[in-house]
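# Descriptive analysis of the structure
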Amino acid sequence: MTGWAGINWQFFDDEDTQTRIGVTFGLGLLDEELAATGSLSIALAALRAELARPVELGAGRTGFPEVLVELGSDTSTVTIRGATDTVGAAWRRLPGLFAGWIVTDQIDPARPEHPVWPADLVQRTGRNAAALAGFQVSATDARERARVLLSRLDPASGRTRAVFFTTAESLIGSGFAVQEADKGPAPELQWADGTHRRTATGADGVLPEGLDALAKPATGNGPGSLPVSEETILLSTLVPRSASGLAAAELLRAKLAETATHAGLDPDAIGIGMLGLGAEFCVFLRTEGKLAQATRQRVLKDFGRSMALVPDPWVEDAVRHTDHRLSPRLARERRVLGLVDDAGADTGRVRQVLIEATRFLHLALDPGTHDPRSADRPKRSGSEASGRERTFRSLPTGDVSTGRPVTLVVGQGALALRTRVAEHGGGTMLETRIAVRDALAVLEDPAGTLAVVDRNQQVLTFHPRLFKHHRSLQQLLDPLLDGLPRLGINNDADPAGIALRLRRAKRPPAWLLAGAVALAGFLVIPMVASSLDEPQVTARITIGETAQLGNGTTITATGFDRIPAAAGERETQVAVQVRFCAGGDTGTGEFPPETQRSVAPADFVMLNEQYVSARLVDSDSQLRRDTLQEGQCAVGDLVFQGEGLSVPRLAYKNPFGDDVVWYTHGKVPPAPVD
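A brief structural summary. (Residues numbered from 1 in each chain as written. Predicted model: local features only at pLDDT ≥ 70, side-chain atom pairs only at ≥ 80, totals over all residues. Heavy atoms only, no water.)

### As for the pattern of salt bridges
Going through the model one piece at a time under the given rule, you end up with 30 salt bridges. When the shortest N-O distance is used, the salt bridge between Glu444 and Arg486 registers 3.4 Å. Remark: Arg486 occurs in strand S22 (residues 486-489) and Glu444 occurs in strand S19 (residues 439-444); sequence separation between them is 42 residues. In this structure Glu444 comes out as partly exposed when scored by relative accessible area, which is 29%. One network of salt bridges, in which partners are shared, links Asp14, Asp16, Arg20, Glu66 and Arg81. (Salt bridge = Lys/Arg side-chain N within 4 Å of Asp/Glu carboxyl O. Helix = DSSP H or I, 4+ residues; strand = E, 2+ residues; numbered from the N terminus. Buried < 20%, exposed > 50% of the residue type's maximum accessible area, 1.4 Å probe, protein only.)

Here's what the structure looks like:
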């Protein structure tokens, strides 16, 4: 049963035996400017922390409520769950919590809803915090912004639309009065950066120009193709935020599954994800695994021809099934977004939605010469190469992920990072080039590492001080990146690690030491002998095996355990367990004695087969940063999240220069032939 008290209180019952009460705000990541990234997340986390405090129930009883926060694309929800008296007591605190004092330095940001296809979302909604939801980042002043934002979220202020809900009718009106008329602000007409916010699907007719429209680069919400930035994504489109829209979305998934079957694929591997875009849902269809380019083209072109040609029985079944499984959430979100109540699904409207969806179709296909990124790549003329670009070579350990030498090219309006990806021999030189006008933000971790992210989710990562002539480099970077939002990466990168790498990179080469021996005789010999006692270890081994460093430290990595992804997630999580047992002191005077006895999560990087690094995510039993005494061991997990981790590898590197990589069974590369 679902009902309403006034226009702002919803009550319903379901199978959950615990009482629930909550509020949904008409504000989400799409409404947050890039420069304010993290402020809404911190504000909601602060509310959660205060509401979750124990409540005194009298007669020596104490209640411990469960508080849940959902930070979505265009709405945010706070829910309290527990016994009725506990939930009611916690809820009655809420009216007094919309104040800056609840935001403390100890508040960790709430995890936002992860966009399924961020590059597509940017195309449809512009530049906003949702585009960076896959990164753990926040503005440097996010806490101050969160304090201000709380007053805007306060339902009593009337500045943000809010709808309340509960499963206990006795709690209706608690803390916030029932309203018989809509007193909230008018729905927003723009997303955070001023991009037009569609208010209804309402397109008539079928896809113009047929498949020719889909061969062109997509712009805005119009039909077209986008480069394949997410390996498992196949397409996206828009449907109304209604029961008919939900039914049509499931029919599109079923139609794509049928098309995939004709191409010899498993129909059950076709999945669906949805994000709210105001009056509409953005529907994403994806497959479980990576498709060959030829198969992808065949499936998507066949689907583009027939997506609206759905048999009548399918439509009737979808309408019946949708009406039976509608949740109260749809009605609540429509009200908080200022939409009229939905009348339910019907076959005629579903048919119309299927036709309309063709006009908003984005295929995950390389548009080839129409690739929107190609226009942003600088023309490589001779004059530009000599006068408009400057190349900076890194120190020997310049790449922040792999420790390999890299080259950074700074041009007029563009940055490019070139790196060699082969394990042995010549290999291939890859270039990541970002046009600054397409950049979303500059991310910076506590150690000063920079990551420039563009609208296609390309990431160019480097540390300016790990390059030769870094002062000249910085002078070029400052004006080039000026004006881009500067956001902090929420990781535990250690600035001391960069300092040690700089010292390591400045060590004199072996030929210079040999010359010094000839000149200085016995005074230099002890220093050289000391270095030879503890050579740097370079090991390529199989997961489960143990590496031993020159000081006796042993490191064992086991696992490569894949963690099932949540519904709608495009990335995979892989966990490894690390056992780090300390040996003796590092024997060279150039490094602190504890260098090879210290361990931190940042010493490890997980790479996929294309040498793209995954990001470290928090886990309950995560390996801790520690400095151990000889004989002591540290054991913990490392959980990484990223794309293409079906065949992962784990890399370890310390400031001394020890370099170990654990491979999947059977993937250890052959040793180089002298």
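### Focus on the sheet that holds S19
What the five strands build is an open sheet, ordered S8-S22-S19-S20-S21; its pairing is mixed. Two strands bound the open sheet, and with one partner strand each, they are strand S8 (137-139) and strand S21 (459-462). Sheet twist, expressed as the mean angle between neighbouring strand axes with direction ignored, is 30°. In this structure, S8 lies alongside S22, joined through three bridges in antiparallel fashion. (Pairing = 2+ DSSP bridges. Axes fitted to C-alpha atoms, helices over the stretch in contact; angles between N-to-C directions.)

### Re the environment of Gly273
Examined against the element boundaries, Gly273 turns out to sit in strand S12 (residues 270-277). Looking at Gly273, the relative accessible area reads 9%, which means it is buried. For the pair Gly273 and Arg253, spaced 20 residues apart in sequence, the C-alpha to C-alpha distance is 9.9 Å. Once you skip the residues sitting within four places of it in the chain, Gly273 turns out to touch Cys282, Val283 and Phe284. (Contact = heavy atoms within 4.5 Å.)

### Description of the sheet that holds strand S32 (residues 649-653)
The four strands are arranged S23-S33-S32-S28 in an open sheet whose pairing can be described as mixed. One side of each edge strand has no neighbouring strand; the edge strands of this open sheet are strand S23 (538-542) and strand S28 (604-607). When the angles between neighbouring strand axes are averaged without regard to direction, this sheet yields 20°. Bridge count between S23 and strand S33 (residues 659-663): five bridges; the pairing is parallel.

### Remarks on empty space enclosed by the protein
Applying the stated criterion to the full structure yields three cavities of 30 Å³ or more. The volume enclosed by the second largest cavity comes to roughly 60 Å³. Each residue belonging to the lining of the second largest cavity can be placed in one class, and the counts come to three nonpolar, three polar and four charged. (1 Å grid on protein atoms, 1.4 Å probe; cavity = no way out; pocket = protein on both sides within 12 Å on 5 of 7 lines; lining within 4 Å. Points joined across faces, edges and corners; volume = space filled by probe spheres on them. Nonpolar A, V, L, I, M, F, W, Y, C, P; charged D, E, K, R; others polar.)

### Side note on the packing of aromatic side chains
Counted according to the given criterion, the structure contains nine aromatic pairs. With centroids separated by 4.7 Å and ring planes inclined at 15°, the aromatic side chains of Phe164 and Phe176 adopt a geometry described as stacked. Of this pair, Phe164 sits in strand S9 (residues 162-166) while Phe176 sits in the loop between S9 and helix H5 (211-214), placing them twelve residues apart in sequence. Since its relative accessible area comes to 7%, Phe176 is described here as buried. The interplanar angle of 45° and the centroid separation of 5.1 Å between the aromatic rings of Phe604 and Tyr652 together place this pair among those described as tilted. Taken together, the residues Phe604 in strand S28 and Tyr652 in strand S32 connect sequence positions 48 residues apart. Judged by relative accessible area, which is 3%, Phe604 ranks as buried. Clustering of aromatic rings is evident, with ring pairs tying together Trp9, Trp91, Phe164 and Phe176. A cation sits over an aromatic face here: Arg332 above Phe165, 3.9 Å from the ring centre. (Phe/Tyr/Trp six-rings, centres within 6.5 Å; stacked < 30°, edge-to-face > 60°. Lys NZ or Arg CZ within 6 Å of the ring centre and 35° of its normal.)

### Looking at the nonpolar core
Membership of the largest hydrophobic core comes to 73 residues, with the highest contact counts inside it found for Trp91 and Leu132. Considering every element that reaches this core, the biggest residue donor is helix H1 (residues 39-51), with eight residues. Not counting residues up to four positions away in its chain, the partners in contact with Trp91 are Trp9, Ile21, Gly22, Val23, Ile80, Phe164, Ser174, Gly175 and Phe176. Counting residues in each nonpolar core, the second largest holds 36 residues, with Ala248, Phe303, Ala318 and Leu365 among its members. (Core = buried A, V, L, I, M, F, W, Y, C linked by side-chain atoms within 4.5 Å.)

### Side note on the packing of helix H6 (residues 243-262) against helix H8 (residues 312-325)
Axis separation between H6 and H8 bottoms out at 9 Å; the angle between their running directions is 130°. With respect to H8, the axis of H6 lies oblique. The chirality of how H6 crosses H8 is right-handed. Judged by residue contacts, Ala243, Leu246, Ala247, Leu251, Ala254, Lys255 and Glu258 of H6 engage Trp314, Val315, Ala318, Val319 and Thr322 from H8. Of the residues that constitute the contact of H6 with H8, the class distribution is nine nonpolar, one polar and two charged. (Parallel < 35°, antiparallel > 145°, perpendicular 65-115°, else oblique. Left-handed = near helix turned anticlockwise from the far one by under 90°.)

### Examining the packing of H6 against helix H10 (residues 347-357)
Interaxial distance between H6 and H10 falls to 9 Å at its minimum, and their mutual angle equals 60°. The angle between H6 and H10 falls in the class oblique. Regarding H6 and H10, the two cross each other, and that crossing is right-handed. Only Arg349, Val350, Val353, Leu354 and Ala357 of H10 make contact with H6, whose side of the interface consists of Ser244, Gly245, Ala247, Ala248, Leu251 and Leu252.

Any link to function would need more than the numbers given here.
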